[in-house]
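Reading the structure
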Amino acid sequence: MNSGDDNTGADAGVEVVNPWEERKDRGRVSALASALALLATSPRGFFRATRVDAGWWGPLLFAGLVATLGYLLEGLVVIVLALTLPDATLELLNRMELFGAPAEISGVEGFPVLERILPLIGLQLLLLSLPFVFFLSLLGPLFSAGFVHLLLIVTRSPRPEGFRGTWVANCYAAGAFLLTAVPVAGDILALVAGTGLFAVGLHALQGVKASRAVLLAAILPLLLFIGALLSILLAASAA
(Lines give C-alpha, C1' and ligand atoms only; values in the text may rest on other atoms or scores of the structure.)
Protein backbone atom coordinates (compact mmCIF):
# COMPACT_ATOMS: atom_id res chain seq x y z
CA MET A 1 0.00 0.00 0.00
CA ASN A 2 2.78 2.41 0.82
CA SER A 3 5.49 2.80 -1.80
CA GLY A 4 7.10 5.78 -0.11
CA ASP A 5 5.17 8.36 -2.19
CA ASP A 6 4.08 11.48 -0.34
CA ASN A 7 0.49 10.96 -1.38
CA THR A 8 0.04 7.72 0.48
CA GLY A 9 -0.69 7.37 4.15
CA ALA A 10 0.44 5.00 6.88
CA ASP A 11 2.72 2.05 6.80
CA ALA A 12 2.36 -0.99 4.62
CA GLY A 13 -0.32 -3.32 5.89
CA VAL A 14 -2.39 -0.60 7.52
CA GLU A 15 -5.83 -0.51 5.92
CA VAL A 16 -6.77 2.98 7.10
CA VAL A 17 -5.01 5.91 5.44
CA ASN A 18 -4.79 9.56 6.36
CA PRO A 19 -7.02 11.16 3.68
CA TRP A 20 -5.16 14.47 3.88
CA GLU A 21 -1.98 12.76 2.70
CA GLU A 22 -3.87 11.74 -0.44
CA ARG A 23 -5.07 15.27 -1.22
CA LYS A 24 -3.27 15.39 -4.58
CA ASP A 25 -5.41 12.49 -5.75
CA ARG A 26 -8.63 13.25 -3.87
CA GLY A 27 -8.59 17.02 -4.10
CA ARG A 28 -8.07 19.28 -1.11
CA VAL A 29 -11.74 19.81 -0.28
CA SER A 30 -12.60 16.11 -0.38
CA ALA A 31 -9.41 15.16 1.49
CA LEU A 32 -10.04 17.77 4.18
CA ALA A 33 -13.63 16.62 4.70
CA SER A 34 -12.59 12.96 4.83
CA ALA A 35 -9.74 13.69 7.24
CA LEU A 36 -12.03 15.60 9.60
CA ALA A 37 -14.57 12.79 9.47
CA LEU A 38 -11.92 10.18 10.27
CA LEU A 39 -10.53 12.31 13.09
CA ALA A 40 -14.00 12.56 14.60
CA THR A 41 -14.89 8.87 14.26
CA SER A 42 -11.54 7.13 14.71
CA PRO A 43 -8.81 9.47 15.96
CA ARG A 44 -6.50 6.64 16.96
CA GLY A 45 -6.82 5.04 13.53
CA PHE A 46 -6.22 8.43 11.92
CA PHE A 47 -2.95 9.03 13.76
CA ARG A 48 -1.75 5.46 13.31
CA ALA A 49 -2.30 5.92 9.58
CA THR A 50 -0.36 9.21 9.52
CA ARG A 51 3.12 9.34 8.07
CA VAL A 52 5.39 11.54 10.15
CA ASP A 53 7.93 11.68 7.31
CA ALA A 54 5.41 12.97 4.75
CA GLY A 55 6.64 16.56 5.06
CA TRP A 56 6.20 19.62 7.25
CA TRP A 57 3.87 21.67 5.07
CA GLY A 58 0.98 19.19 4.78
CA PRO A 59 0.06 19.04 8.51
CA LEU A 60 0.64 22.78 8.87
CA LEU A 61 -1.64 23.54 5.91
CA PHE A 62 -4.30 21.30 7.48
CA ALA A 63 -4.09 23.25 10.75
CA GLY A 64 -4.26 26.60 8.96
CA LEU A 65 -7.24 25.65 6.81
CA VAL A 66 -9.20 24.16 9.70
CA ALA A 67 -8.53 27.15 11.96
CA THR A 68 -9.61 29.56 9.23
CA LEU A 69 -12.71 27.50 8.44
CA GLY A 70 -13.62 27.33 12.13
CA TYR A 71 -13.21 31.10 12.46
CA LEU A 72 -15.40 31.64 9.39
CA LEU A 73 -18.14 29.29 10.63
CA GLU A 74 -18.10 30.88 14.08
CA GLY A 75 -18.48 34.33 12.56
CA LEU A 76 -21.30 33.22 10.26
CA VAL A 77 -23.17 31.62 13.16
CA VAL A 78 -22.88 34.82 15.21
CA ILE A 79 -24.11 36.91 12.25
CA VAL A 80 -27.07 34.59 11.59
CA LEU A 81 -28.03 34.66 15.27
CA ALA A 82 -27.73 38.45 15.31
CA LEU A 83 -30.18 38.66 12.40
CA THR A 84 -32.69 36.13 13.72
CA LEU A 85 -32.76 36.11 17.51
CA PRO A 86 -35.00 38.41 19.55
CA ASP A 87 -33.17 41.31 21.17
CA ALA A 88 -33.42 39.92 24.72
CA THR A 89 -32.13 36.49 23.72
CA LEU A 90 -29.36 38.01 21.60
CA GLU A 91 -28.21 40.21 24.47
CA LEU A 92 -28.04 37.18 26.78
CA LEU A 93 -26.08 35.22 24.18
CA ASN A 94 -23.62 38.06 23.68
CA ARG A 95 -23.01 38.40 27.39
CA MET A 96 -22.42 34.65 27.68
CA GLU A 97 -19.98 34.89 24.77
CA LEU A 98 -18.23 37.73 26.68
CA PHE A 99 -18.38 40.06 23.68
CA GLY A 100 -21.00 42.48 24.96
CA ALA A 101 -23.89 43.69 22.83
CA PRO A 102 -22.71 44.44 19.25
CA ALA A 103 -24.44 47.81 19.13
CA GLU A 104 -22.81 48.88 22.39
CA ILE A 105 -19.36 47.89 21.19
CA SER A 106 -19.68 49.59 17.81
CA GLY A 107 -21.15 52.81 19.16
CA VAL A 108 -24.28 52.66 16.98
CA GLU A 109 -26.73 51.99 19.81
CA GLY A 110 -29.80 54.13 19.34
CA PHE A 111 -29.51 54.21 15.54
CA PRO A 112 -31.92 51.51 14.28
CA VAL A 113 -30.78 51.64 10.65
CA LEU A 114 -27.12 51.26 11.56
CA GLU A 115 -27.95 48.49 14.01
CA ARG A 116 -29.69 46.58 11.21
CA ILE A 117 -26.76 46.74 8.78
CA LEU A 118 -24.15 46.08 11.46
CA PRO A 119 -24.20 42.28 10.84
CA LEU A 120 -23.56 42.90 7.12
CA ILE A 121 -20.60 45.10 7.96
CA GLY A 122 -19.42 42.36 10.30
CA LEU A 123 -19.63 39.85 7.45
CA GLN A 124 -17.41 42.01 5.25
CA LEU A 125 -14.86 42.42 8.04
CA LEU A 126 -15.00 38.69 8.68
CA LEU A 127 -14.15 37.85 5.08
CA LEU A 128 -11.39 40.46 4.91
CA SER A 129 -9.75 39.09 8.06
CA LEU A 130 -9.54 35.47 6.84
CA PRO A 131 -6.03 35.78 5.29
CA PHE A 132 -4.68 37.22 8.55
CA VAL A 133 -6.36 34.44 10.55
CA PHE A 134 -4.79 31.83 8.27
CA PHE A 135 -1.34 33.35 8.69
CA LEU A 136 -1.61 33.65 12.47
CA SER A 137 -2.97 30.10 12.77
CA LEU A 138 0.30 28.81 11.30
CA LEU A 139 2.18 30.12 14.34
CA GLY A 140 0.06 28.27 16.93
CA PRO A 141 1.36 24.74 16.23
CA LEU A 142 4.96 25.96 16.41
CA PHE A 143 4.51 27.34 19.92
CA SER A 144 2.26 24.56 21.24
CA ALA A 145 4.27 21.68 19.78
CA GLY A 146 7.53 23.26 20.96
CA PHE A 147 6.20 23.65 24.49
CA VAL A 148 4.96 20.05 24.72
CA HIS A 149 8.08 18.62 23.08
CA LEU A 150 10.16 20.42 25.69
CA LEU A 151 8.02 18.72 28.34
CA LEU A 152 8.68 15.38 26.65
CA ILE A 153 12.40 16.02 26.95
CA VAL A 154 12.21 17.20 30.56
CA THR A 155 10.07 14.23 31.64
CA ARG A 156 12.23 11.82 29.62
CA SER A 157 9.21 10.58 27.70
CA PRO A 158 9.71 8.53 24.52
CA ARG A 159 9.97 10.62 21.36
CA PRO A 160 11.22 8.30 18.60
CA GLU A 161 9.87 10.60 15.87
CA GLY A 162 11.62 13.67 17.30
CA PHE A 163 10.04 17.11 17.17
CA ARG A 164 8.35 16.28 13.88
CA GLY A 165 6.16 13.66 15.54
CA THR A 166 4.98 16.14 18.18
CA TRP A 167 4.46 18.76 15.48
CA VAL A 168 2.35 16.46 13.30
CA ALA A 169 0.20 15.39 16.26
CA ASN A 170 -0.42 19.00 17.24
CA CYS A 171 -1.25 20.16 13.70
CA TYR A 172 -3.85 17.46 13.15
CA ALA A 173 -5.33 18.02 16.61
CA ALA A 174 -6.36 21.44 15.26
CA GLY A 175 -9.26 19.64 13.61
CA ALA A 176 -11.16 20.24 16.84
CA PHE A 177 -11.14 23.97 16.13
CA LEU A 178 -14.32 23.58 14.06
CA LEU A 179 -16.20 23.16 17.33
CA THR A 180 -15.73 26.88 18.02
CA ALA A 181 -18.74 27.43 15.73
CA VAL A 182 -21.01 26.03 18.48
CA PRO A 183 -22.60 29.03 20.27
CA VAL A 184 -21.55 29.71 23.88
CA ALA A 185 -19.83 26.37 24.57
CA GLY A 186 -17.80 26.14 21.34
CA ASP A 187 -14.50 27.44 22.71
CA ILE A 188 -14.57 25.04 25.66
CA LEU A 189 -15.54 22.10 23.44
CA ALA A 190 -12.74 22.90 21.00
CA LEU A 191 -10.21 23.20 23.82
CA VAL A 192 -11.19 19.87 25.38
CA ALA A 193 -11.45 18.01 22.06
CA GLY A 194 -8.18 19.48 20.78
CA THR A 195 -6.41 18.40 23.95
CA GLY A 196 -7.82 14.91 23.58
CA LEU A 197 -6.78 14.63 19.94
CA PHE A 198 -3.28 15.89 20.75
CA ALA A 199 -2.98 13.27 23.49
CA VAL A 200 -4.09 10.53 21.09
CA GLY A 201 -1.54 11.77 18.57
CA LEU A 202 1.28 11.73 21.11
CA HIS A 203 0.32 8.21 22.14
CA ALA A 204 0.04 6.89 18.58
CA LEU A 205 3.00 8.70 16.98
CA GLN A 206 5.48 9.05 19.84
CA GLY A 207 4.53 6.03 21.91
CA VAL A 208 3.90 8.12 25.03
CA LYS A 209 1.91 6.32 27.71
CA ALA A 210 -1.77 7.29 27.43
CA SER A 211 -2.08 8.84 30.89
CA ARG A 212 1.12 10.84 30.47
CA ALA A 213 0.07 11.95 26.98
CA VAL A 214 -3.18 13.34 28.37
CA LEU A 215 -1.36 15.15 31.16
CA LEU A 216 1.25 16.70 28.86
CA ALA A 217 -1.30 17.73 26.25
CA ALA A 218 -3.51 19.37 28.89
CA ILE A 219 -0.88 21.52 30.63
CA LEU A 220 -0.76 24.41 28.13
CA PRO A 221 -4.56 24.62 27.59
CA LEU A 222 -5.04 24.55 31.37
CA LEU A 223 -2.56 27.40 31.83
CA LEU A 224 -4.29 29.44 29.11
CA PHE A 225 -7.69 28.76 30.63
CA ILE A 226 -6.55 29.84 34.09
CA GLY A 227 -5.00 32.98 32.62
CA ALA A 228 -8.20 33.86 30.75
CA LEU A 229 -10.31 33.21 33.85
CA LEU A 230 -8.09 35.43 36.00
CA SER A 231 -8.30 38.18 33.38
CA ILE A 232 -12.11 38.00 33.40
CA LEU A 233 -12.24 38.06 37.19
CA LEU A 234 -9.88 41.05 37.36
CA ALA A 235 -11.90 42.91 34.73
CA ALA A 236 -15.13 42.15 36.60
CA SER A 237 -13.72 43.31 39.91
CA ALA A 238 -12.39 46.52 38.33
CA ALA A 239 -15.79 47.23 36.79
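A quick note: this is a predicted structure, and the numbers were derived from the prediction, not measured. (Residues numbered from 1 in each chain as written. Predicted model: local features only at pLDDT ≥ 70, side-chain atom pairs only at ≥ 80, totals over all residues. Heavy atoms only, no water.)

**Points about the overall build of the chain**
- Of the regular secondary structure elements, the chain holds 11 helices and 0 strands.
- In sequence order, the secondary structure elements of the chain are arranged as α-α-α-α-α-α-α-α-α-α-α.
- Residue burial in the chain is summarised as follows: out of 239 residues, 39% are buried.
- Within the structure as shown, the chain displays about 13200 Å² of accessible surface, and the carbon and sulfur contribution to it stands at 70%. (Helix = DSSP H or I, 4+ residues; strand = E, 2+ residues; numbered from the N terminus. Buried < 20%, exposed > 50% of the residue type's maximum accessible area, 1.4 Å probe, protein only. Areas by Shrake-Rupley, 256 points an atom, 1.4 Å probe, with all protein chains shown as cover.)

**What to know about the packing of helix α10 (residues 186–206) against helix α11 (residues 210–238)**
- Running from N to C, α10 and α11 point in directions that differ by 145 degrees, and their axes come no closer than 8 Å. The hand of the α10/α11 crossing is right-handed. Between α10 and α11, the residues in contact are I188, L191, T195, F198, A199, L202 and H203 and A210, A213, V214, A217, A218, P221 and F225, respectively.
- For the contact of α10 with α11, the class distribution of residues is 12 nonpolar, 2 polar and no charged. (Axes fitted to C-alpha atoms, helices over the stretch in contact; angles between N-to-C directions. Left-handed = near helix turned anticlockwise from the far one by under 90°. Contact = heavy atoms within 4.5 Å. Nonpolar A, V, L, I, M, F, W, Y, C, P; charged D, E, K, R; others polar.)

**With respect to helix α9 (residues 162–173)**
- Its 12 residues give α9 an end-to-end C-alpha distance of 18 Å, which sits within 8% of 16 Å, the value for a rise of 1.5 Å per residue.
- Counting buried residues along α9, 9 of its 12 residues qualify, which places the element largely inside the surrounding structure.
- G165, T166, W167, V168, A169, N170, C171, Y172 and A173 are the residues of α9 that are buried.
- Looking at the buried residues of α9, the elements they touch are α2 (28–41), α3 (43–48), α4 (57–84), α8 (140–154) and α10. (Expected span 1.5 Å × (residues − 1).)

**Comments concerning a nonpolar patch on the surface**
- On the surface, a nonpolar cluster with roughly 800 Å² of combined accessible area is contributed by I188, L191, V192, L222, F225, I226, L229, L230 and L233.
- Only α10 and α11 provide two or more residues apiece to the nonpolar patch.
- When residues in the nonpolar patch are grouped by element, the largest group, 6 residues, is from α11.
- Tracing the backbone shows L233 in helix α11. (Patch = residues over 30% accessible without salt bridge, like charges linked within 9 Å, V, L, I, M, F, W, Y side chains within 5 Å. Salt bridge = Lys/Arg side-chain N within 4 Å of Asp/Glu carboxyl O.)

**Considerations on the side chain of T195**
- On the secondary structure map, T195 appears in helix α10.
- Accessibility expressed as a relative area gives 14% for T195, which makes it buried.
- With near-sequence residues (within four places) excluded, T195 lies in contact with A217, A218 and P221.

**A short note on the nonpolar core**
- Formed by 37 residues in total, the largest nonpolar core has its most connected members in W20, F46, F47, F62, Y172, F198 and L202.
- Elements that contribute at least two residues to this core include exactly α2, α3, α4, α8, α9, α10 and α11.
- With residues near it in sequence (within four places) discarded, W20 still touches R28, A31, L32, A35, G58, P59, L61, F62, L65 and Y172. (Core = buried A, V, L, I, M, F, W, Y, C linked by side-chain atoms within 4.5 Å.)

**Some points on the confidence of the model for the chain**
- Per-residue pLDDT for the chain has a mean of 81; in total, 79% of the residues score no lower than 70.
- Here residues 1–14 is a poorly scored stretch, pLDDT under 50, and it has 34 contacts once near neighbours within four places are set aside; other chains count.
- In this model, residues 98–108 is a region of pLDDT below 50 whose contacts with residues beyond four sequence positions or in other chains number 18 contacts. (pLDDT = per-residue confidence, 0-100.)

**Examining the packing of aromatic side chains**
- Here the structure, examined in full by the defined rule, presents 7 aromatic pairs.
- Relative to Y172, the ring of F46 lies with its centre 5.1 Å away and its plane at 80 degrees, an arrangement referred to as edge-to-face. Linking F46 in helix α3 with Y172 in helix α9, this pair joins segments that are 126 residues apart in sequence. For the pair F46 and Y172, one class covers both residues: buried.
- Between W56 and W167, the ring centres sit 5.6 Å apart and the planes meet at 65 degrees, which makes this aromatic pair edge-to-face. One end of the pair, W56, is in the loop between α3 and α4; the other, W167, is in helix α9, with 111 residues separating them in the sequence.
- Judged by relative accessible area, which is 38%, W56 ranks as partly exposed.
- Cluster of aromatic residues (ring-pair linked, three or more members): W20, F46, F47, F62 and Y172. (Phe/Tyr/Trp six-rings, centres within 6.5 Å; stacked < 30°, edge-to-face > 60°.)

**Brief notes about the environment of L220**
- In this fold, L220 is placed in helix α11.
- Among the residues examined, L220 registers a relative accessible area of 10% and is labelled buried.
- Separated by 25 residues in sequence, L220 and T195 have C-alpha atoms that sit 9.2 Å apart.
- Apart from the residues lying within four places of it in its own chain, the contact partners of L220 are F143, S144 and F147.

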